[in-house]
Structure formats: structure tokens, C-alpha cells
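Letter by letter, the chains look like this.
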Amino acid sequence: MYSLFYCKLQRLTPGDFVPRGPGLQGHISTNPLTNIFALSPSAGRDSSTDITARGYLGLRPPLGAGPSSGVLPEISGSIIGVVLNKSHLCPSPLEQRVHSLALLTMGSISANIPLTPLDHAPPGNYSCSLSYLPLRPGVDPSQAFDVLHEALHRTFVQLPWVSGRVWPQSPSAPGWRPSQREIRHGAVDIDGPRPYQLKFHQLESPMSYDELKELAFPTDVFEDSELIWAPFMPDINTGPEVFVAQANFIPGGCILTSGMYHSAGDGAAVVAVLKLWADHCCALQMDKGSSSPVVPPGPESSDRGVLQRIWENEGQGRDTVDSIDPEAWRLLGLDPPGVGESAESDAKETNDCENGDGGKEAQQAHPARVARSAIFYVPPEKFIALQKESLAAFADSAEGGGHSGISGSDAICALIWRCTLRARAMAGGVQRKSDSPKGNICNPDAMARLDMPVDGRFDFSLALPTPYLGNLTVINQVFMPVIRLIAHKTPLGVVARTIRDRANKIHTASLLDAYALARRVPDFQQLSLRNSSLDSTAMLMAPLLMYPTGSLSYGSRLFGNGGRPEALRTPMWAFNRFTRISFVLPK
């Protein structure tokens, strides 16, 4: 069964890991001097990379002979970054392994990881999820929290950057440009303190877990501030944590809130981190010797320089704005140059909550105007029928022309989009004005815009590591005149096919072009994805039907349902106050 979570009114390595990949030989050792990877010339691009000691780096001598010779390069001073003379914004695997070496041998050293151009595109908020986990009879919340806490600690040991914080990069850093951000983190000792990023909270709930389940886990029982300790949109100048979590206990269950600061990673990256955390939870609940070691994503997954290197090899030399299709800007959620006065641009009417600071004030700018959330369930047979009906309706339409190819996700998103705009148009129909802005539902010529996040990992390049733990989500922007979208004579299949046609324009060449545009902006603030206002004709819809809820198990000794979440939700308090958003979720 599929569940539809539908908000009616507005918008949403170092460390102890197993070496893998070409040129990475070594072993895990209790001796920090041997717990490193060989820097083999067979690592491809690394062999021709000139790493230099500049100022604060304190690396000497130059890395001529790597640890494979048994000689550990002498390290002194405070290493806070490694400069690559060719592409300082895109650290190579060698740079990351140098960071690993330094962190393993000098536990107090911090590492700085510059974020990629695509990391600067999302809004500066936490993308949190709520996992509803039933507790087994007799399990005390402190027992469950103890395992969750230790498991997250082990996750941080294997992926230390997830324990870090996001900061504005210093203007003195090589290659700095305005609004450049970076992740700063240190080593995480397996014997060190457990992470403060996970908090324990005993909710004062009027309902038990079973009562919430009976009501389909509604999202309006608790405010966001009760479920997660971090603000929805923190000030970047305070150094937001990369990862935050809170275990909220009610009688019979746990609402596990977790999320990543959006500049550090997108939804796919969060899922990979949650999977690692859950695997550690399972391992801690198994009898000693009966579980296999938990293997984290390889170091190549945390390599923020891989996008740049792929673009250099596969970007076909298109490095100027004039040589790139202007429509590539839309993959970044931005208008192409010269479209500022179009009807499509008017559909935005953005609010003041953008990528940066001042989020709290923006959320509370209009406290009296609050959207309400609702949850609708679509049974599997109805979901399949909806897709078939959409295909048939499109084939029979004047625009069919023998075309096919409408997914179930296309169909359900088309239905939500049309129903939402129909309801808004009916509510605003009594005050229609032809002189209203074209982004206003009251204008008969209004243009509707649908923004749908799309994971670009599948099409960016075959050379992209799996998983890639940065941001590689782009926006599928779909436009349609409101009057046509909501018309009863417009078949739903036509709306669904419009969504599919735009999605089909996302491919390797367009993704590489979008990256090329992003890397050339003089100020990363220009990439800020601004959220549409409640009064605009635009909305954001996130189809998450492929979210792997079935593969996430936090252990069956402490949690019921085999340790798997019984439901997935999103904190809605902040969203309901400044943007129009809808989620399509698996049950």
C-alpha cells in the first residue's frame, strides 16, 4: 500500500573504514601509525597530482614516497586543509587520504572540506524525517537510546565528516569566492565520548504509540521544536551541525527524528547515513561473534571532488554560459537569463526565506497564515489503476500521437497537482482580477509551476561512485497554464505526460551543463533556491516512493516490526508556515 502525505497549502573520511578501490591497499590496525592507506601510483589521477605545502598546511616533505614504503610522511603544525594546485574547490581522493592520514595520526587535527557548487543550491535548512519505531514489550527507553547513541557514534567513527559542522569558508582560503561553504570536522575516536548530535527526549504525549498508529501517525500532534532540537533553518554563521537527531519516546514507541543540513547532502546521502546507523544498531543487538562487520561506504563516496573531475573528462568542453542550453538553469531551480519578466517567472512570487540566515524570522513573518497537513492513503490496486487510466487517457487525447510512458509516480503527482490548484482556484474565484500578477491564482492567465526534486546520480556519469554522499539532486520544473491544468476537459494523462516530458530532458549532458553553470557563478548566493510563497501558483512535490523503508532495520531485539519503521513522515510545522509542499511516501 502506498501512502500519500499531502500538504494542501504550501512548500518543502577519514577514520576506521575498510580500504577499497584501485590504489588503496592497507589494513585496519589498532596502531594509528599503521591504520592508513597506501598512496599507490596506480590510483590514476593521484599520481600526477602535485600536492604542495602552503603556509598553514605543515606537510613536509612532499609526498614522494607514500606509506606503502613503510615511511610515514612527517606531519607537523595544524592541518586544516590540503590545496590542490589544479582545482582547489574539488579535493581529489589523494587529498582526502592525506586528511585521513593526518586525522589518524593527530587526533586533535581538524579537516576542512570545501563544498561543491551543487552543495550550495539547496535551501539552508535541515531535511528531517520522522521514523516511527514500536518498542518491544518490556524495553525501557533508556535501553533503546543507549543502542541508538552508540550506533551513531560508530557511524561517526567511520564517516567523521558527518560529525562536523558547516561554516562559511574563510576569505583567505585559496580559491575562495563569496558565499563559499565548507565542512569542518575532526577525528572521531572509537573510545571517545558519544555524539551530542543525538538527544534523548521523553515526550509529554496525550497518546500512546498505538493510538498514534490508529490515527495513521498524523503530523500535527507535535510541533517541530518538540521533535528535533535543531532549528529548521539555522544561521550559517553559527556553524550548523552536518547531522542532527533526536529520539522521542512515548508509551510503546519511539519517534526517531534525523536529518542532514541540506548543504552537506541531499536525501540520497541521508538515506546512506541512516542505513549505516541502522546497521550498527542491528549489530549491537546481536550476540557477540554472530554479526558481520558493518562496512561503511568507501572513501570515494565522500570525495567532493569527483563531480569536478567527471565534468572535466565528460563535459565536452562546454564551459561558457553561451555554449550551454539556457534550460539547464531550470535544473538548478533558477530561471534562464532573460526570463525574468515571463509568466513562468511570475509563477514564483517567492517569500523571504532563502538560502542563508534569518530563517526563524522568515518562518514567523506571517504566523496567522498557517497551512494544514493531511494524509491520504492510496491502495496498491488504485495506484495501478490510476497509472493505467492516465496512459489510456493520454493515448486517446489529441496530443497522444502514439506516445507512451507514464509512470505511477507521474500519475499520482499529476493528480495532486491538479487537485491542489483546482481547490485554490475555486477558493479564489470570487475575487478574480485580470490585472493580478500572473503568479496569482486570481489571474485567469496564471501560470502554474511544479518543482519536483530528481536524483541526478543515475544519469550524471557511470564514473560516479555509489553511493555519492554530497548533493546531486536537481529540479524538474513543469509549467502549465492554470486554466488548462484545472479544466475538466484536460485528461489527467495529459498532465502526467507533461511531467514525464520534462523529466525526460534530464540526462547526462543536461546534468553536466547544470554543473558547469553552477561552478561559474561568481557568488554562490546566486544559486540559492528560493521557496515559493503560499499565494503563488507554484508548489514543490517530492515523490519518495523509492525510499528504502524496508531495508532500514534498527534491530529486532529492542524494536518491533523487525526493527523497521512502521511509518515515515516529515516535520511539517515550519513548512506549513512558509511554503507549499507535498510528499508522496511509501507506506
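For the structure, check the block above.
So, here is what we can say about the structure in this document. (Residues numbered from 1 in each chain as written. Predicted model: local features only at pLDDT ≥ 70, side-chain atom pairs only at ≥ 80, totals over all residues. Heavy atoms only, no water.)

Here's the deal with the sheet that holds strand β5 (residues 181-186)
Whether parallel or antiparallel, the strands of a sheet pair through hydrogen bonds between backbone atoms. On the basis of which strands lie adjacent, the open sheet formed by three strands has the order β2-β5-β4 and antiparallel pairing. Across the chains shown, the open sheet's two edge strands, defined by having one partner strand only, are β2 (110-114) and β4 (165-168). Ignoring strand direction, the axes of neighbouring strands in this sheet form an average angle of 35 degrees. Across four bridges, the pairing between β4 and β5 is antiparallel. When the sheet's bridge partners are listed, V166 is paired in β5 with I183. (Pairing = 2+ DSSP bridges. Helix = DSSP H or I, 4+ residues; strand = E, 2+ residues; numbered from the N terminus. Axes fitted to C-alpha atoms, helices over the stretch in contact; angles between N-to-C directions.)

Looking at the side chain of R497
Along the chain, R497 turns up in helix α13 (residues 492-503). Since its relative accessible area comes to 9%, R497 is described here as buried. Reaching out from R497, the side chain makes a polar contact with the side chain of D501 at a distance of 2.7 Å. (Buried < 20%, exposed > 50% of the residue type's maximum accessible area, 1.4 Å probe, protein only. Polar contact = N/O pair within 3.5 Å; in protein donor to acceptor, adjacent residues only side chain to side chain.)

Structural notes on the pattern of salt bridges
As enumerated under the stated definition, the model contains 18 salt bridges in all. D119 is paired through a salt bridge with R304; the nearest N and O atoms lie 2.9 Å apart. You can see D119 sitting in the loop between β2 and β3 (126-134) and its partner R304 sitting in the loop between α5 (267-284) and α6 (306-314), a full 185 residues away along the chain. The two residues D119 and R304 agree in class, both being buried. Between D335 and R330 there is a salt bridge, and its shortest N-O distance comes to 3.3 Å. An identical accessibility class is assigned to D335 and R330; each is buried. A single salt-bridge network, built from bridges that share partners, covers D146, E150, R154 and R194. (Salt bridge = Lys/Arg side-chain N within 4 Å of Asp/Glu carboxyl O.)

Observations concerning α13
The terminal C-alpha atoms of α13 lie 17 Å apart, and with 12 residues this matches the ideal 16 Å at 1.5 Å per residue to within 8%. Of all 12 residues that make up α13, nine are buried, and the element is covered over most of its length. (Expected span 1.5 Å × (residues − 1).)

Remarks on the packing of aromatic side chains
One pass over the structure, following the stated rule, counts 11 aromatic pairs. Centre to centre, the rings of Y132 and F217 are 4.5 Å apart; their planes meet at 40 degrees, and the pair counts as tilted. One end of the pair, Y132, is in strand β3; the other, F217, is in the loop between α3 (209-214) and α4 (224-227), and 85 residues separate them in sequence. For the pair Y132 and F217, a shared accessibility class is recorded, and that class is buried. (Phe/Tyr/Trp six-rings, centres within 6.5 Å; stacked < 30°, edge-to-face > 60°.)

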